[in-house]
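Residues per chain are reported as follows:
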Amino acid sequence: MKWTEQAWKKIESNYSAILDMPFVQELANGTLPKNKFQFYMAQDSIYLEHFGRALALIGAKSHDIGDALAYLRFAEGAIVVENALHESYFQDFGVTDKGKIQPACHHYTHFLKSTAAMEPVEVAMAATLPCFWIYKKVGDHIYKGQQTFNNPYQRWIDTYGGEEFSDSVQRAIMICDLAAERATPVTRARMTEAFIHASHLEYHFWDAAYTGRTWS
Ligand SMILES: Cc1ncc(C[n+]2csc(CCO)c2C)c(N)n1
């Protein structure tokens, strides 16, 4: 069985818990309160900058030049393309200031950056995979089950449920599988651990937006 298939099995229950989260359910039916989405968008745009830097570092550390190019493109995607979505939402929802980084975002971004800096590159690749894969799965799930018209969060849904994004996710999965095949058992186990850890941090990122968790 491929590493990604084994790893996904380990986060299956966490993924189900994500689908059941009020944030995700209310985003899907359009009833998510505006202030919760504003919190999420502001924190997410901070997240994307850090995430983009972590991806660029993975690109620089990749053994294979094709992988390097893929991660540098992912980094560009995070910083340029994804941020465009945020900026249009900032305008629509009247967010003028991103504000300070809050605990869930801080925890997640620092986990990604320290993993990219300190761990073998394969482990860092595994740490960034839930970001792609969980968003794709959540995006597809919402997209397929859609019953609401005029959902204020439609653009978000279209971004992650769309075809274009699917190619990046497939690429990231393939790279991780090849990296896992070539890695030692110890490194492979650390890849799985990083993958599980990041999937919990995805959960907490949404949870913090729903409950409005800040430092004080
Ligand atoms: C907390 C959080 N996790 C994942 C994503 C999704 N995402 C961000 S950048 C990127 C790939 C860019 O090439 C993807 C899929 C998000 N927006 N926020």
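Under an unreviewed UniProt entry, the name given to the protein chain is Aminopyrimidine aminohydrolase, and the organism recorded is Flagellimonas abyssi. Regarding the protein chain, the UniProt comment filed under Function (unreviewed entry) reads as follows: "Catalyzes an amino-pyrimidine hydrolysis reaction at the C5' of the pyrimidine moiety of thiamine compounds, a reaction that is part of a thiamine salvage pathway." In UniProt, the protein chain has this text filed under Pathway (unreviewed entry): "Cofactor biosynthesis; thiamine diphosphate biosynthesis."

Caption draft 1: Just the overall build of the protein chain, in detail. Looking only at helices and strands, the protein chain has nine helices and zero strands in total. Order of helices (α) and strands (β) in the protein chain, N terminus to C terminus: α-α-α-α-α-α-α-α-α. Relative to the globule expectation of 17 Å for 216 residues, the C-alpha radius of gyration of the protein chain, 17 Å, shows essentially globular dimensions. With respect to the three principal axes, the spread of C-alpha positions in the protein chain is 50 × 35 × 35 Å. Counting only residues that meet the buried cut, the protein chain has 38% of its 216 residues in that class. When contacts within the protein chain are restricted to residue pairs at least 6 apart in sequence, those whose partners lie at least 24 apart make up 82%.

Caption draft 2: Focus on the site of the ligand. What surrounds the ligand is a group of 14 residues, the closest being Phe74, Gly77, Ala78, Cys131 and Tyr135. Listed by contribution, the elements that provide at least two residues to the shell around the ligand are helix 3 (34–61), helix 4 (65–93), helix 6 (121–144) and helix 9 (185–211). In terms of residue class, the shell around the ligand is built from nine nonpolar, two polar and three charged.

Caption draft 3: Region of the structure containing helix 5 (residues 103–118). For helix 5, built from 16 residues, the straight-helix expectation of 22 Å at 1.5 Å per residue is met to within 8% by its first-to-last C-alpha distance of 22 Å. Residues of helix 5 that are buried make contact with helix 3, helix 6 and helix 9.

Caption draft 4: Examining the packing of helix 2 (residues 22–29) against helix 9 more closely. Close contact between helix 2 and helix 9 brings their axes to 8 Å; oriented N to C, the two are set at 75°. Between helix 2 and helix 9, the crossing angle belongs to the class labelled roughly perpendicular. Side by side, helix 2 and helix 9 meet where Pro22, Phe23 and Val24 of the first sit next to Trp206, Ala209 and Tyr210 of the second. A breakdown of the residues in the contact of helix 2 with helix 9 according to their chemical character gives six nonpolar, no polar and no charged.

Caption draft 5: The arrangement of helix 1 (residues 3–19) in detail. Between its first and last C-alpha atoms helix 1 spans 23 Å; for 17 residues at 1.5 Å apiece the expected length is 24 Å, and the two agree. At Ile11, helix 1 is bent by approximately 50°, the largest bend along its length. Listing the buried residues of helix 1 in full gives Trp3, Thr4, Ala7, Ile11 and Ile18. Where the residues of helix 1 are buried, they touch helix 2, helix 6, helix 8 (163–182) and helix 9.

Caption draft 6: Structural context of the UniProt feature "domain: Thiaminase-2/PQQC" (unreviewed entry) in the protein chain. The sites that carry the UniProt feature "domain: Thiaminase-2/PQQC" (unreviewed entry) are, in the present numbering, residues 18–211. Annotation note: span residues 18–211, helix share 84%, strand share 0%, distance between end C-alpha atoms 15 Å.

What counts and what doesn't
- Residues numbered from 1 in each chain as written.
- Predicted model: local features only at pLDDT ≥ 70, side-chain atom pairs only at ≥ 80, totals over all residues.
- UniProt positions renumbered as here; feature names shortened; annotations may be inferred.
- Helix = DSSP H or I, 4+ residues; strand = E, 2+ residues; numbered from the N terminus.
- Rg over C-alpha atoms; globule rule 2.2 N^0.38 Å.
- Buried ≥ 20, exposed ≤ 12 C-beta atoms within 10 Å, placed from the backbone.
- Contact = placed C-beta atoms within 7 Å.
- Near = placed C-beta within 6 Å.
- Nonpolar A, V, L, I, M, F, W, Y, C, P; charged D, E, K, R; others polar.
- Expected span 1.5 Å × (residues − 1).
- Axes fitted to C-alpha atoms, helices over the stretch in contact; angles between N-to-C directions.
- Parallel < 35°, antiparallel > 145°, perpendicular 65-115°, else oblique.
- Bend = angle between axes of the 7 residues up to and from the residue.

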